[in-house]
Amino acid sequence: MSEPTPGMNLYGAVDLSSLATPRQQTTGVPAGPGGAGDGAGAAVPGAVVVKVTTATFGETVQLSTQVPVLVDLYSARSAASAQLSPVLEKLAREYGGRFQLAQVDVDADAQIAAAFQVQSVPTVVAVVGGQPIPLFQGAYPEEQIRQVLDEVLRIAAQNGVTGVLSQESGEPGEEEPAEPPLPPLHAEALEAIERGDLDAAEDAYTRALKENPGDGEARAALLQVQLIRRVDHDDPQEVLAAAADAAPADVAAHLAAADVEAATGRFGAAFERLVRVVRFTSGDEREQARLRLLELFEIAGPTHPDVSPARRALASALY
């Protein structure tokens, strides 16, 4: 496979064959004339947008030898996922089957998330000829996503992967299983996020928690909305540069930098930063850093690989 452009290097350590059945395992693009895949521009049966599980992911890997596949690794708990997924669905249909959008719920399919070494959600990865190409994390603007998609299609074409899906959704005569409806306030919050109204989203999640204080998904989503609001008007590079020059006990500078790191998917860096602040502070300042760290733990979720080590580090810093 040809080398992608900078920022789109292949995952050298990922072996997607572990998710494929023996008949579906693949190590690259099938050789055709001149070494490229056969059937340039040929119609390929399949859906433009599909829900993928561990049981069906082998089919996705196999399809990637004919049509590029864009994998959206998302979580229903993630406000950023709620922003990104509708944009990806829109683009998948707009591109007319030149790639398949494979949606993976990482909370339900941890094996796929582990295969792609997912550190935060949403994470978007392309699969071309059975080989994964990391693309981006977080809710990217639509125009930037278009540029990424065009680059993926260019790479796919260089490797003979130029098929076009012939179905808009589902197989002939089949209906996709209906997803259970979201609780009304969750649905209201997600609609608000999709239209960019973070105030309304925060209000809806707050009301959901008043109705059910044990609603962990609403709690994590509310914290993520608040995180997005905190970083919304800051220049990330300026925030990180200011923190680099700040003393370890400068709580405000490091809280802002940890927010930027978490919002861009670098939870491990955010955790490490705040644990260090806890070590160098006391009293109200230490408590402020501790509480922010606990909030970021909730946003990342208990299955995030950096959460358990950071909890142990926090306990050590406190005691």
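The rules behind these values
- Residues numbered from 1 in each chain as written.
- Predicted model: local features only at pLDDT ≥ 70, side-chain atom pairs only at ≥ 80, totals over all residues.
- Heavy atoms only, no water.
- Phe/Tyr/Trp six-rings, centres within 6.5 Å; stacked < 30°, edge-to-face > 60°.
- Buried < 20%, exposed > 50% of the residue type's maximum accessible area, 1.4 Å probe, protein only.
- Helix = DSSP H or I, 4+ residues; strand = E, 2+ residues; numbered from the N terminus.
- Pairing = 2+ DSSP bridges.
- Axes fitted to C-alpha atoms, helices over the stretch in contact; angles between N-to-C directions.
- Contact = heavy atoms within 4.5 Å.

Things to note about the packing of aromatic side chains
- Scanning all chains against the criterion turns up five aromatic pairs.
- Between the aromatic rings of Tyr 95 and Phe 99, the centroid separation amounts to 5.7 Å while the plane-to-plane angle is 65°, which identifies the pairing as edge-to-face.
- Tyr 95 sits in the buried class, given a relative accessible area of 10%.
- Assessed through its relative accessible area of 2%, Phe 99 is described here as buried.
- When the centroid spacing of 5.9 Å and the interplanar angle of 40° are considered together, the rings of Phe 267 and Phe 271 count as tilted. Here the residue Phe 267 and the residue Phe 271 both occupy positions in helix H10 (residues 267-280), the gap between them amounting to four residues, near one helical turn.
- With a relative accessible area of 7%, Phe 267 lands in the buried category.
- Relative accessible area serves as the criterion here: at 2%, Phe 271 is assigned to the buried category.
- Among the aromatic residues, those joined into a cluster by ring pairs are Phe 267, Phe 271 and Phe 297.

Things to note about the sheet that holds strand E2 (residues 49-51)
- Read from one edge of the open sheet, five strands run E2-E4-E3-E5-E6, paired in mixed fashion. Strands at the two margins of the open sheet, each flanked by one partner only, are E2 and strand E6 (131-137). For this sheet, the mean angle separating the axes of adjacent strands, direction not counted, is 25°.
- Note that strand E3 (residues 69-74) and strand E4 (residues 100-105) share six bridges and pair parallel. Opposite Tyr 74, over in E4, you have Asp 105 as the bridge partner.
- Lying on the sheet, helix H2 (residues 79-94) is in contact with E2, E3, E4, strand E5 (123-128) and E6; it crosses E3 at an angle near 160°.
- Most of the contacts of helix H4 (residues 142-158) go to E6, to which it runs at about 170°, and overall it touches E3, E5 and E6.

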